[in-house]
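Spelled out, the chains give:
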Amino acid sequence: MSLVDPTIAILITGALVGMTGALLGSFLVLRGNSMLADAISHSILFGIAVAWLLTGQTSGPVQIIGAALSGVLAVFLIELLTRTRRLRDDAAIGLVFPALFSAGVVLINVYARDVHLDEHTVLLGEIGFVWLDTLTIAGMEIPRAMLTLSVMLLVDALFVLAFFKTLKLATFDADLARVLGLMPGLIFYAHLSLLSGTAVAAFDAVGVVLFISFVVVPPAAAYLVTQRLVSLIALAMLIAAASAPIGYWMAVWLDVSIGGMMALSTGGFLLLAYCWRRLRDHRHYRSRSLEPPPASSA
Amino acid sequence: MSHSPSDPDVHHDPSIALHLEDLTVSYGERPALWDIDLDVPAGVMAGIIGPNGAGKSTLIKAILGLVPVSAGHIRLFGEPYGQQRRRVGYVPQRSSVDWEFPTTAVDVVTMGLYGQLSWWRWPGRGERDQALRALEQVSMESLADRQISELSGGQQQRVFIARALVQNPDILLLDEPMAGVDATTERQIIDLLRRLRDDGRTVIVVHHDLQTVQRYFDWLAFLNVRIIAAGALEHVYTANNLRRAYGGQVALLDEAQNRPNAPSDA
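Residues numbered from 1 in each chain as written. Chains lettered and ligands numbered in written order. Predicted model: local features only at pLDDT ≥ 70, side-chain atom pairs only at ≥ 80, totals over all residues.

J.: Would you mind going over the overall build of chain A in detail, with residue names and values included?
T.: Each helix and strand counted, chain A has twelve helices and two strands in total. For chain A, the N- to C-terminal ordering of α and β elements is α-α-α-α-α-β-β-α-α-α-α-α-α-α. In chain A, buried positions account for 48% of the 298 residues. Here the contacts in chain A between residues at least 6 apart in sequence split such that 71% fall between residues at least 24 apart. (Helix = DSSP H or I, 4+ residues; strand = E, 2+ residues; numbered from the N terminus. Buried ≥ 20, exposed ≤ 12 C-beta atoms within 10 Å, placed from the backbone. Contact = placed C-beta atoms within 7 Å.)

Here's what the structure looks like:
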């Protein structure tokens, strides 16, 4: 068994993208701004193009940092527009990310016609080819995407473990976090920089669209069936990891896009979670003969 | 209550729990609070009352540094908020958070202690015990491990109060704690706040129900973007001040005046 075996490489890389995305995505979904994942994932094209223009590199740490910076730039611009109170935040998101994405496309079209920087790959990726681009480390051949994503998963996991209570309070009640002196704004930007960095690490392998579905769908599914933050995150990561092999075998069986089937598998889990929740609520309120609680927006 | 804002000693007088001077806060071009001077003495149960849009919540948020202040300054026990963080308990409006968040009552109360733990430390057994004791103070210990979305409005409000109590604060700021709670819970909350006051703590409550003002508070501030009047209840709770604070909202005013022990013009 080798890490560059196509099946092994595809399965491990898919699971790594899924787990990293779901880990960071859990906090995003709970904050109610999943659309930021979309904004960030598109805005990173701008950072990738600029980092290439400045350094000539199309992958590696420089690209990840460039992307992280452009993701942060996107979030900063969105917050700036929202704060003017002339624009709602969804409109601000809709303004900022197409602007940065198209700026990235224009830069690539003008300066990088002959270089391997392709906006179609950024959007869709091709997980089927991750085993072709390899590195050798300590005598072992390993696909580049697998290595980058392992590093990002480690960094993201350390970040979440170290700042868990701040992340949690900033998500549940950002005002109290600020009142207690925990600097939720800083944590928010750090979280979104890591999300941007992870997105660029993922875009080679799976493309932006599959990455967004890993960020949003597994946490949304886990949210329906868990009642604790830690179990929500664990279940979201598990669902994401399981979607990789399920999607892969369905894709092979139906001879369709592997990345697409992995994304579709996360949707299957969401449907299952939704049905389970409906059933549980139904039994719960019938057994206690209670009215469902009113929406908590009182 | 006789301190004049220009008295230089007031800035560092620790017997004044809350000192606001020339405080102005604006959203865009419209001022939400205009040139506020206010001194709340320590150990009172103070009500902040005024019509909708008077800036009551904004006042609390400005004290806590949650909204940018355009002018003026704020002192808690003679010091800026940043140096008094641990002495302040904040109970935001219940509707300010998502109660579907995956967590339990005791866990929400534990959040009140997050500021006292070093940044990498997870709360442990000790923090949980402290949180359970705070829940006992609001008679909620039996529901400690209940998912927060399964609690009633009054229970959620008591969890929020316990979250402020767990910090053992010297001053408590509550933003409409009686909004949307049943009569029993309201009585429990007011009894608890009175006990805290009798304990020597300062309790400041944003309140909107004119009918209960006289029974609940011993100190009042009428707010309508500016401070209309502030001081001990018996000095400032007058029909004239009510009229000046509530302006054209005659119906509200009449309702308050038709109560049996409504204030008459002093």
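That covers the picture; the talk isn't over yet.
J.: Which residues make up the overall build of chain B, and what are the values?
T.: For chain B, the count of helices and strands is nine helices and nine strands. Per-residue burial over chain B gives 44% buried out of 266 residues. For chain B, the share of sequence-separated contacts (at least 6 apart) that also reach a separation of at least 24 residues comes to 70%.

J.: Which residues make up the pairing of strand E1 (residues 134–137) of chain A, and what values go with them?
T.: All names here are of chain A. Two elements, E1 and strand E2 (residues 140–143), share four bridges in a ladder whose sense is antiparallel. Note on E2: the bridge partner recorded for Thr134 is Pro143. Taking the residues that link successive antiparallel strands as the turn, the E1-E2 hairpin has two residues, and the phi of Ala138 there is positive, at about 50°. (Pairing = 2+ DSSP bridges.)

J.: Quick rundown of the confidence of the model for chain B? Include the residues and the values.
T.: All names here are of chain B. Per-residue confidence for chain B gives a mean pLDDT of 84; residues scoring 70 or more make up 88%. Per-element averaging of pLDDT across chain B places helix H9 (residues 250–257) at the bottom with 51 and helix H2 (residues 105–110) at the top with 95. Every residue in residues 1–10 scores below 50 in pLDDT, and together they form 13 contacts with partners more than four places removed in sequence or on other chains. Of the two predicted TM-score estimates for the complex, the pTM is 0.85 and the ipTM is 0.85. (pLDDT = per-residue confidence, 0-100.)

J.: Quick rundown of the sheet that holds strand E4 (residues 71–76) of chain B? Include the residues and the values.
T.: Residues and elements named next belong to chain B. Judged by pairing direction, the sheet is antiparallel, and its three strands sit side by side in the order E2-E1-E4 without closing on themselves. Each having just a single partner strand, strand E2 (30–41) and E4 make up the two edges of the open sheet. Taking each pair of neighbouring strands and ignoring which way they run, the sheet shows an average axis angle of 15°. Relative to E4, strand E1 (residues 16–27) runs antiparallel, the two sharing five bridges. Each residue of the ladder has a partner; that of Thr24, found in E4, is Ala71. (Axes fitted to C-alpha atoms, helices over the stretch in contact; angles between N-to-C directions.)

J.: So what's going on with unusual backbone geometry? Residues and values would help.
T.: One non-glycine residue, Asp35 of chain B, lies in the positive phi region at around 50°. On the secondary structure map, Asp35 of chain B appears in strand E2.

J.: Quick rundown of the sheet that holds strand E3 (residues 45–49) of chain B? Include the residues and the values.
T.: Strands in a sheet are paired, the pairing made by backbone hydrogen bonds, and the direction either parallel or antiparallel. Residues and elements named next belong to chain B. The six strands lie next to each other as E5-E6-E7-E3-E8-E9, forming an open sheet whose pairing is mixed. The open sheet terminates on both sides in strands that have one partner only, identified here as strand E5 (88–91) and strand E9 (226–232). Across the sheet, the mean angle separating the axes of adjacent strands is 15° when strand polarity is ignored. Of the pairings in the sheet, the one linking strand E8 (residues 219–224) to E9 comprises six bridges and is antiparallel in character.

J.: Explain the interface of chain A and chain B residue by residue, including any values.
T.: Taken together, the 27 residues of chain A in the interface contact 26 residues of chain B. A per-element tally of the side of chain A that touches chain B places helix H7 (residues 164–172) of chain A first, with five residues.

J.: For the environment of Ile189 of chain B, give the residues involved together with the corresponding values.
T.: Note on placement: Ile189 of chain B falls in helix H5 (residues 183–198). The contact partners of Ile189 of chain B, leaving out residues within four places of it in the chain, are Gln157, Ile161, Pro177 and Met178 of chain B.

J.: Provide a residue-level description of the packing of helix H3 (residues 61–83) of chain A against helix H9 (residues 184–203) of chain A, including the pertinent values.
T.: Residue and element names in this part refer to chain A. It is the contact of H3 with H9, at a shortest axis distance of 7 Å, that shows an interaxial angle of 130°. It follows that H3 is oblique to H9 by the angle criterion. For the crossing formed where H3 meets H9, the hand is right-handed. In this structure, H3 uses Gln63, Ile64, Ala67, Ala68, Ser70, Gly71, Val72 and Val75 to contact H9, whose residues at the interface are Tyr189, Leu192, Ser193, Leu195, Ser196, Gly197, Ala199, Val200 and Ala201. Here the residues of the contact of H3 with H9 are counted per class, giving eleven nonpolar, six polar and no charged. (Parallel < 35°, antiparallel > 145°, perpendicular 65-115°, else oblique. Left-handed = near helix turned anticlockwise from the far one by under 90°. Nonpolar A, V, L, I, M, F, W, Y, C, P; charged D, E, K, R; others polar.)

J.: Break down the environment of Val106 of chain A for me, citing the residues and quoting the values.
T.: Take Val106 of chain A: it is sitting in helix H4 (residues 89–111). Linking Val106 of chain A and Ala9 of chain A, residues 97 residues apart in sequence, is a C-alpha distance of 33 Å.

J.: Please provide a residue-by-residue account of helix H1 (residues 56–63) of chain B, values included.
T.: Counting buried positions along H1 of chain B yields seven of eight residues, so the element is predominantly enclosed. Directly beyond the C-terminal end of H1 of chain B, a positive phi value near 75° is found at Gly65 of chain B.

J.: Provide a residue-level description of the nonpolar core, including the pertinent values.
T.: Nonpolar side chains in soluble globular proteins generally cluster together in the buried interior. Of all hydrophobic cores here, the largest spans 180 residues; its most connected members are Phe211 of chain A together with Ala46 of chain B. The biggest single contributor to this core is helix H1 (residues 6–31) of chain A, with 14 residues. (Core = buried A, V, L, I, M, F, W, Y, C linked by C-beta atoms within 7 Å.)

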